[in-house]
Amino acid sequence: DCTVLVEGEPGTGKEEIAKALHYNSPRKNQNFVALACSSFPESLLEDELFGHEKGAYTDARDTRIGRFEHANHGTILIDDIDDMPMPPQVKLLRVIQEKALERIGGTKTIKVDIRIVAASKVSLEQLVRDGGFREDLYYRLNVVQIPLPPLRERPGDIPLLVEHFIRQLGKEKPFTVEPEILEAMERHPWPGNVRQLRTVVEKAIVLAGPSMK
């Protein structure tokens, strides 16, 4: 039930790891909530995470529940945490330490029971050294670290992943991949990692036509 830090290049499957942690935990029947810090500017990111009270600002016509409260008793994945600005980092540290938060514009302390999985596409330790991430927050997040190597460093996974994606995307049709094609795929550097591999398999299925091969 501890906090987990997952580090890996984009497309390596960090969200899948977070889901595996959630659905194999005692929290599996509660909400799994995901948020990517890179998708929001600082002001909206705080609102997404913590919510706001009615009247907190001009357009706040109603109270809004944030992602932390939606994930109460469950798991929250904070993806691209390396893109989180400093002010929300301070508030996140409090959530981890005190299991509590305040909505924007509010004074009421709201208790939350959540399991946090943080994901980063760069080394947070290096980001701390460079002054781009709070050291105290890094140590709070890095209770257990799961490093995800890029696909080019684990070519033996490629046949298994291809088989999985064929089952997932092939609509139960008997697609096959020739051995020499698999060997070529194992030699490919895959800069987009597993996400790119999935797209390639999907494209191959679409273009395979009636030969189904």
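Presented here is an overview of the structure given in this document. None of these values were measured; they are calculated from a predicted model.

What counts as what
- Residues numbered from 1 in each chain as written.
- Predicted model: local features only at pLDDT ≥ 70, side-chain atom pairs only at ≥ 80, totals over all residues.
- Heavy atoms only, no water.
- Salt bridge = Lys/Arg side-chain N within 4 Å of Asp/Glu carboxyl O.
- Helix = DSSP H or I, 4+ residues; strand = E, 2+ residues; numbered from the N terminus.
- Pairing = 2+ DSSP bridges.
- Axes fitted to C-alpha atoms, helices over the stretch in contact; angles between N-to-C directions.
- Contact = heavy atoms within 4.5 Å.
- Buried < 20%, exposed > 50% of the residue type's maximum accessible area, 1.4 Å probe, protein only.
- Arc of directions from axis to C-beta.
- Parallel < 35°, antiparallel > 145°, perpendicular 65-115°, else oblique.
- Left-handed = near helix turned anticlockwise from the far one by under 90°.
- Nonpolar A, V, L, I, M, F, W, Y, C, P; charged D, E, K, R; others polar.

**With respect to the pattern of salt bridges**
Turning to step 1, where the next piece is worked out: Scanning all chains against the criterion turns up 20 salt bridges.
Turning to step 2, where the next piece is worked out: A salt bridge links Glu-202 to Arg-198; its shortest N-O distance comes to 3.8 Å. Of this pair, Glu-202 and Arg-198 both sit in helix H9 (residues 193–208), separated by 4 residues, roughly a single helical turn.
Turning to step 3, where the next piece is worked out: Each member of the salt-bridge network shares a partner with another, and the members are Asp-47, Glu-48, Arg-64 and Arg-67.

**Examining the sheet that holds strand E1 (residues 4–8)**
Turning to step 1, where the next piece is worked out: The parallel open sheet is built from 5 strands, whose spatial order is E2-E5-E8-E1-E9. Each edge of the open sheet carries a strand with a single partner, namely strand E2 (32–36) and strand E9 (144–148). Across the sheet, the mean angle from the axis of one strand to that of its neighbour is 15 degrees, orientation sign disregarded.
Turning to step 2, where the next piece is worked out: One ladder, built from 5 bridges, connects E2 with strand E5 (residues 75–79); its direction is parallel. What sits directly across from Ala-34, in E5, is Leu-77.
Turning to step 3, where the next piece is worked out: Set on the sheet, helix H1 (residues 14–23) makes contact with E1, E2, E5, strand E8 (115–120) and E9; between it and E2 the angle comes to about 160 degrees.

**With respect to helix H2 (residues 42–50)**
Turning to step 1, where the next piece is worked out: Looking at H2, one finds that the buried residues are Leu-45, Glu-46, Asp-47, Glu-48, Leu-49 and Phe-50.
Turning to step 2, where the next piece is worked out: Just past H2, the residue Gly-51 takes up positive phi, approximately 75 degrees.

**So, the environment of Asp-62**
Turning to step 1, where the next piece is worked out: Tracing the backbone shows Asp-62 in the loop between strand E3 (51–52) and strand E4 (64–65).
Turning to step 2, where the next piece is worked out: Judged by its relative accessible area of 53%, Asp-62 falls in the exposed class.
Turning to step 3, where the next piece is worked out: Separated by 10 residues in sequence, Asp-62 and His-52 have C-alpha atoms that sit 8.3 Å apart.
Turning to step 4, where the next piece is worked out: Once you skip the residues sitting within four places of it in the chain, Asp-62 turns out to touch His-52, Glu-53 and Lys-54.

**Some points on H1**
Turning to step 1, where the next piece is worked out: The set of residues buried in H1 consists of Lys-14, Ala-18 and His-22. The buried residues of H1 occupy one face: seen down the axis, they fall within an arc of 80 degrees.
Turning to step 2, where the next piece is worked out: Buried residues belonging to H1 abut E1, E2, E5, E8 and E9.

**Some words on the packing of helix H7 (residues 158–169) against H9**
Turning to step 1, where the next piece is worked out: The contact between H7 and H9 brings their axes to 10 Å, and the two run at 50 degrees. Relative to H9, H7 is oriented oblique. Relative to H9, H7 is oriented so that their crossing is right-handed. Of H9, the residues touching H7 (which contributes Ile-158, Leu-161, Val-162, Phe-165, Ile-166, Gln-168 and Leu-169) are Val-194, Leu-197, Arg-198, Val-201, Glu-202 and Ile-205.
Turning to step 2, where the next piece is worked out: Along the lines of polarity and charge, the residues of the contact of H7 with H9 split into 10 nonpolar, 1 polar and 2 charged.

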